[in-house]
Amino acid sequence: MADFKYSGKLYLIPTTMGAANPMQVLPIQVKEIMEDLDIYIVENEKTARRHIKQLLPEKQQSILKFFSLNKFTEATEIPSFLNDCKEGKDIGLLSEAGCPGVADPGAEIVKIAHSEGIQVIPLVGPSSILLAMMGSGMNGQRFTFNGYLPIDKKERKKEIKDLERLSSEKQEAQIFIETPYRNNKLLEDFLHLLHPTTRLCVACDLTLPTEYIVTKPVSEWSKTKTDLHKRPAIFIFQKEI
């Protein structure tokens, strides 16, 4: 097509969000496309190889080519990861968990692909943010993903209070993630700082056998003992008018 300068495409490949059978959570299209891909941009080569082997056990691992895109990658290196696309070869951007480019460093390579005239093709797969939102019962017409809250106690308190006020004014659900080993502390902060009538959803271990999605007022959460330590989780709150 005229919009694309090169025939090589960048496929955005979703993965599982834990130790689940890939074919229980990924469409068959993902497997079919990966059968023809030998070049990948990944956060961690070891886990990427493991995922590919699990999905495609017959795939010859020795022919695979990987580029590492993570916090240690030099910004000047990143554009060269797409050189194969310019030579007519397809590349897969593989997330560590869920969908690439969403709360994921892959967004940078997608940005470059667009600027270079390379076709970007997102594949369907599990997004913890959308699955949590779907299961929360909160406003699916208006919501904001805020990512991580500040670590500093004073800044965190202000941010939570400001976003709760905004949630009430706009009737907007506010979505957050946290490093799994700090989940319990974040839940504690929400219960301490949010209004008792504000609805809070905790969604963890999404798509896994231990999946847990519960929404109730903060006052009710205070009566519940919930251990979220080291369990991947999404938090959503919404304050009614």
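Below is a short write-up of the structure. Computed from a prediction, not measured in an experiment: that's the story for all the values here. (Residues numbered from 1 in each chain as written. Predicted model: local features only at pLDDT ≥ 70, side-chain atom pairs only at ≥ 80, totals over all residues. Heavy atoms only, no water.)

1. A look at unusual backbone geometry
Here is step 1: Positioned with a positive phi, Q171 is a non-glycine residue whose angle comes to about 50°.
Here is step 2: One can find Q171 in the loop between helix 7 (153–170) and strand 7 (173–177).
Here is step 3: With phi around 60°, K230 is a residue other than glycine that occupies positive phi space. (Helix = DSSP H or I, 4+ residues; strand = E, 2+ residues; numbered from the N terminus.)

2. Quick notes on helix 7
Here is step 1: Here helix 7 is 18 residues long and its end C-alpha atoms lie 26 Å apart, about the 26 Å a rise of 1.5 Å per residue gives.
Here is step 2: Along helix 7, the residues that are buried comprise R156, I160, L163, E164, S167 and S168. One face of helix 7 carries all of its buried residues, which in axial projection span an arc of 140°. Exposed and oriented more than 90 degrees from the buried face of helix 7 are K154, K158 and E169.
Here is step 3: Each element contacted by the buried residues of helix 7 is listed here: strand 7, helix 8 (183–193) and strand 10 (233–238).
Here is step 4: You can read the cap of helix 7 off the contacts: a side-chain oxygen lies 3.2 Å from the backbone nitrogen of K154, and it is on D152.
Here is step 5: Immediately downstream of helix 7, the backbone of Q171 shows phi near 50°, a positive value. (Expected span 1.5 Å × (residues − 1). Buried < 20%, exposed > 50% of the residue type's maximum accessible area, 1.4 Å probe, protein only. Arc of directions from axis to C-beta. Contact = heavy atoms within 4.5 Å. Polar contact = N/O pair within 3.5 Å; in protein donor to acceptor, adjacent residues only side chain to side chain.)

3. Overview of the sheet that holds strand 4 (residues 91–94)
Here is step 1: Taken in spatial order, the 5 strands of this open sheet run 3-2-4-1-5, and their pairing is parallel. Looking at which strands have only one partner, the edges of the open sheet turn out to be strand 3 (65–68) and strand 5 (119–122). The mean angle between the axes of side-by-side strands here comes to 25°, regardless of whether they run parallel or antiparallel.
Here is step 2: Sheet contacts for helix 3 (residues 45–55): strand 2 (39–42), strand 3 and strand 4; angle to strand 3, the most-contacted strand, approximately 140°.
Here is step 3: Against the sheet, helix 5 (residues 107–116) makes contact with strand 1 (9–13), strand 2, strand 4 and strand 5, and its axis sits at roughly 155° relative to strand 1, the strand it touches most. (Pairing = 2+ DSSP bridges. Axes fitted to C-alpha atoms, helices over the stretch in contact; angles between N-to-C directions.)

4. So, the pairing of strand 7
Here is step 1: Within strand 7, 5 of the 5 residues are buried, which leaves the element mostly enclosed by the surrounding structure.
Here is step 2: Alternating positions in strand 7 separate into two faces, A173, I175 and I177 on one and Q174 and F176 on the other, with burial throughout.
Here is step 3: When strand 6 (residues 143–145) meets strand 7, the two strands line up parallel, connected through 3 bridges. Within strand 7, the position partnered with T144 by the bridge is Q174.
Here is step 4: Crossover connection from strand 6 via helix 7 to parallel strand 7: handedness right-handed. (Right-handed = clockwise from strand over helix to strand, strands pointing away.)

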